[in-house]
Amino acid sequence: MIALPSIAFEGFSGSAKGVTARRVGGRNILSVKSRPTGPTTNAQVVRRASMAKITKSWKQLTNEQMQNWDRLAEHASSASVLGQKTEISGLNLFIRLNVNRAMAGEALLSSAPESNVAVPNVEFTQVVVTPDLVVLGGVKHEPAPLKLVVKMSVCQSAGVSNGWSKTVIITPGMEDDWGEADVTHLYLKTIGVEPVPGEKVFVEAYWMDTSTGFAGLAARESVIVTDESSYQRRVKATMDSLDPTEESHVSSLDVDFSTGAPVAQFNAQCLGHSNVASSEVYLDQQLPSEIIGTGMCLGRSNDADGHINAQSYLVYMYNRNGKSQLTFAHRGGPYYTHTEVFGTGIIY
């Protein structure tokens, strides 16, 4: 028989089997060691490895830096325990914020932020989950350095009411795309299986200030997976959209079409096409008929002396034989084969 750590003894702390006793803020707290309930994701592996490295980095700080972290910790609080906020040490705050920053690809923060940063809550209008679509729609955009962290669970029975412990990090930090956070690829890559219609998925999302590591409160939503959805996905044309059987004359491509308005954001590095003042790309699928037309955007290139030359381009968009063709046609300014085209244009 294993004796559990006693909370009757004032100031006692220690572990026995999976139970740990510690003294925090004048209270004795018992906690049970958590154990993994599912496969470890890549984000979890990175987080655990960075935590060990960050913990060791604390000892490399100066006394002044440690004191500044302690002072900042006096104005911060850790997770609620038994309905009350517990104190957090400077070391734990240093680890927490730097683990968040490391997760988002940021460098170690040695000096404490000047103050406890207020991070807004995530606001969105809907969460759509089908076997081939996982998206948060109507996200209220927040500017940099805020990035969106999304956690989701593998499918659970529709009768499960609390599956938040099953959520794992789908993306450690992303920007919404004009109010849309499409995490379809990230969900399938992390979870490994498609969502199953009729089952339930648990979703958590929060903003993280990547400059400090402070995170906002998580917005939670549980969603029943459906076979299909009427949600209108944002239409894009990128290098991943190119038809590999056709010759395309760009080194980069990112065309983002607005939903509900005949507007597109054009970005491409054109390489030129034979002796014609244009560049063509072929997509492996057809664009929706409502966005087929002609747009206009700007262009710029460098001459032999390194001077920037302004240009204008028309972008013709066609559908034929189950594919789409985009032609970037030079219309104004000195023409150079290697040209960056960019800008927002109305489609007519």
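Our subject is the structure that appears above.
Residues numbered from 1 in each chain as written. Predicted model: local features only at pLDDT ≥ 70, side-chain atom pairs only at ≥ 80, totals over all residues. Heavy atoms only, no water.

S.K.: What's the story with helix H4 (residues 184-191) in this structure? I'm lost.
M.R.: At 3.6 residues per turn, the α-helix brings residues three or four places apart onto the same side. Along H4, the residues that are buried comprise Thr184, Tyr187 and Ile191. The buried side chains of H4 occupy one side of the element, clustering within an arc of 65 degrees when seen end-on. The outward face of H4, more than 90 degrees from its buried face, is lined by the exposed residues His185 and Lys189. Residues of H4 that are buried sit in contact with strand S7 (133-137), strand S8 (146-152), strand S9 (168-174), strand S10 (181-182) and strand S11 (200-209). Immediately downstream of H4, the backbone of Gly192 shows phi near 95 degrees, a positive value. (Buried < 20%, exposed > 50% of the residue type's maximum accessible area, 1.4 Å probe, protein only. Helix = DSSP H or I, 4+ residues; strand = E, 2+ residues; numbered from the N terminus. Arc of directions from axis to C-beta. Contact = heavy atoms within 4.5 Å.)

S.K.: Explain the side chain of Asp177 to me, please; I cannot follow it from the model alone.
M.R.: With respect to the element layout, Asp177 can be found in the loop between S9 and S10. Reaching out from Asp177, the side chain makes a polar contact with the side chain of Lys236 at a distance of 2.6 Å. (Polar contact = N/O pair within 3.5 Å; in protein donor to acceptor, adjacent residues only side chain to side chain.)

S.K.: Sorry, what's going on with unusual backbone geometry here?
M.R.: When glycine is set aside, most residues are seen to have a negative phi, and most peptide bonds are trans. Following Ala144, the chain continues to Pro145 via a peptide bond in cis, the omega torsion being 15 degrees. By secondary structure assignment, the location of Pro145 is in the loop between S7 and S8. Within the chain, Trp178 stands out as a residue other than glycine whose phi angle is a positive 55 degrees.

S.K.: Hey, could you run me through the nonpolar core in this one?
M.R.: Nonpolar side chains in soluble globular proteins tend to end up buried together. Grouped together as the largest cluster of nonpolar side chains are 44 residues, with contacts concentrated most on Trp69, Leu93 and Met152. Looking at this core, the element that brings in the most residues is helix H3 (residues 90-103), giving 5 residues. Those residues in contact with Leu93, other than ones at most four positions away along the chain, are Trp69, Leu72, Ala73, Ala76, Ile88 and Phe214. With 22 residues, the next largest nonpolar core counts Ala237, Val255, Tyr313 and Val315 among its residues. (Core = buried A, V, L, I, M, F, W, Y, C linked by side-chain atoms within 4.5 Å.)

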